[in-house]
Amino acid sequence: MIQQDTMLGLSVGDEIPTFVRENTGLHHFNRYAAVNDEFVPIHMDDDAGHKAGYPSAFGTGNLSTAYLLNVLRSWIGEEGTVRALACQFRQPNLKDTTVVARGRITSILVEDDETVAELEVWTEDGEGNRLAPGTATVAIVDLARI
Amino acid sequence: MATTLISDQMRAAVGAEMERVSSFPIGESDIRKWALAVYYPDPPPRLFWDAEHAATTRYGGMVAPEDFNPFAWLTTRGPRPAGEDMASTSSHEARLGIAPPPVRFGLNGGTESEFGVRMRPGDEITSVTRLHSYTEREGRLGVMLFTITESTWTNQSDELVKVVRQTSIRY
């Protein structure tokens with residue numbers, strides 16, 4: 001394990017560029033429900049959200065996972081691969097919340113022509129409260145090493 | 001803990017196979033629609049919708065986002081019977097053929113995925129799901145039941161696509 005990959009300009013502790021969805025709501029939640037056949041009342045109906053103890057309907061955990069994958073893909077590019085992702089859905093993505101997906105490098109390992117990075121990842125709301133914290137492992141192809 | 005939601009029947013089912021399903025061949029536009037939904041309102045990466053561009057990448061063609069679900073809507077079993085609700089609070093035990101716990105609400109608690117080969121147009125994916133564990137703890141809404149399932153996805157060439165451990169929380 002190394003602290004820095006100078007060829008790629010990566011260091012442990014670096015934050016990766018964010019992925020932001022502003023004012024998330026039914027237009028985001030319902031599109032995901034439509035492709036995943038995930039029509040669950042708490043994700044579509046405020047009354048169902050209230051009955052479950054929340055102030056409104058809220059986005060699916062799976063959509064939060066998708067946002068975490070999006071932030072990783074944007075960073076590693078088409079040639080990179082996501083090897084693993086884990087997250088917990090601690091707080092709901094309530095309606096009208098701006099969701100920011102973020103990541104911070106926790107370790108770097110150079111393997112042949114790839115740099116393997118482990119990251120702390122999470123989604124947070126507009127006030128910085130973490131909604132879905134987790135971890136990820138990605139491999140970045142370093143064309144200069146091939 | 002004064003009460004438990006885990007019955008002897010549930011405890012005995014840990015490790016059992018819950019479900020084995022196969023997908024129809026993945027369609028290019030299923031991938032496109034998935035990518036549009038998860039990137040909305042931004043356009044998704046070309047790798048997920050532009051076959052000509054995708055052919056120039058290391059993959060040599062379109063691939064699906066890692067979280068793409070080829071079992072959404074329909075599997076090779078055909079449409080789900082009317083009234084079957086896979087999101088109900090008793091769906092785990094229904095698939096095991098045992099009595100469900102007395103819970104009213106269910107939430108997705110989290111997920112852990114290890115990814116193998118990418119899913120591509122034309123792939124036929126099989127998922128085998130097992131009951132990994134039941135645990136419970138006291139939460140702000142009472143006793144919370146944590147159920148972890150583990151699904152192993154393979155493609156038509158028996159290559160590992162991913163292993164997913166899903167935690168559901170019921171109360």
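All values derive from a computational prediction rather than experimental measurement. (Residues numbered from 1 in each chain as written. Chains lettered and ligands numbered in written order. Predicted model: local features only at pLDDT ≥ 70, side-chain atom pairs only at ≥ 80, totals over all residues.)

For the rest of this paragraph, the subject is the domain arrangement of chain B. Residues and elements named next belong to chain B. For chain B, the domain assignment lists domain 1 (8-26 + 77-170) and domain 2 (27-63). Look at where the C-alpha atoms of domain 1 and domain 2 centre, and you get two points 27 Å apart. In this assembly, five residues from domain 1 lie in contact with eight residues from domain 2. In terms of residue class, the side of domain 1 that touches domain 2 is made up of three nonpolar, no polar and two charged. (Domains from an automatic or database assignment. Contact = placed C-beta atoms within 7 Å. Nonpolar A, V, L, I, M, F, W, Y, C, P; charged D, E, K, R; others polar.)

Attention now goes to helix α3 (residues 61-76) of chain A. All names here are of chain A. Taking 1.5 Å per residue, 16 residues should reach 22 Å; α3 reaches 23 Å between its end C-alpha atoms and fits that length. α3 sits mainly inside the fold: 12 of its 16 residues count as buried. Of all the positions in α3, only G61, L63, S64, T65, A66, Y67, L68, L69, N70, V71, L72 and R73 are classed as buried. Within two residues after α3, G77 carries a phi angle of roughly 75°, on the positive side. (Helix = DSSP H or I, 4+ residues; strand = E, 2+ residues; numbered from the N terminus. Expected span 1.5 Å × (residues − 1). Buried ≥ 20, exposed ≤ 12 C-beta atoms within 10 Å, placed from the backbone.)

Let us now look at the confidence of the model for chain B. In the predicted model, chain B carries a mean pLDDT of 93, and the fraction of residues at 70 or more is 97%. Reported confidence for the predicted complex is 0.93 by ipTM and 0.92 by pTM. (pLDDT = per-residue confidence, 0-100.)

On to the interface of chain B and chain A. Counting residues at the interface gives 27 residues for chain B and 28 residues for chain A. Residue contributions to the side of chain B that touches chain A peak at eight residues, all from strand β2 (residues 106-115) of chain B. Each residue belonging to the side of chain B that touches chain A can be placed in one class, and the counts come to 14 nonpolar, seven polar and six charged. As paired elements, strand β4 (residues 81-88) of chain A and β2 of chain B share five bridges and run antiparallel to each other. The residue bridging A84 of chain A from the neighbouring strand is E114 of chain B, located in β2 of chain B. (Pairing = 2+ DSSP bridges.)

Below, the discussion takes up the pairing of β2 of chain B. All names here are of chain B. Of all 10 residues in β2, seven are buried; the element is thus mostly enclosed. The pairing of β2 with strand β5 (residues 160-170) spans nine bridges and is classified as antiparallel. By the bridge assignment for β5, L107 is matched with I169.

Here we come to helix α1 (residues 26-36) of chain A. The set of residues buried in α1 of chain A consists of H28, F29, A33, V35 and N36 of chain A. In this fold, the buried residues of α1 of chain A make contact with β3 (19-24) and α3 of chain A together with α2 (28-39) of chain B. Positioned one or two residues after α1 of chain A, D37 of chain A has a phi angle of 50°, which is positive.

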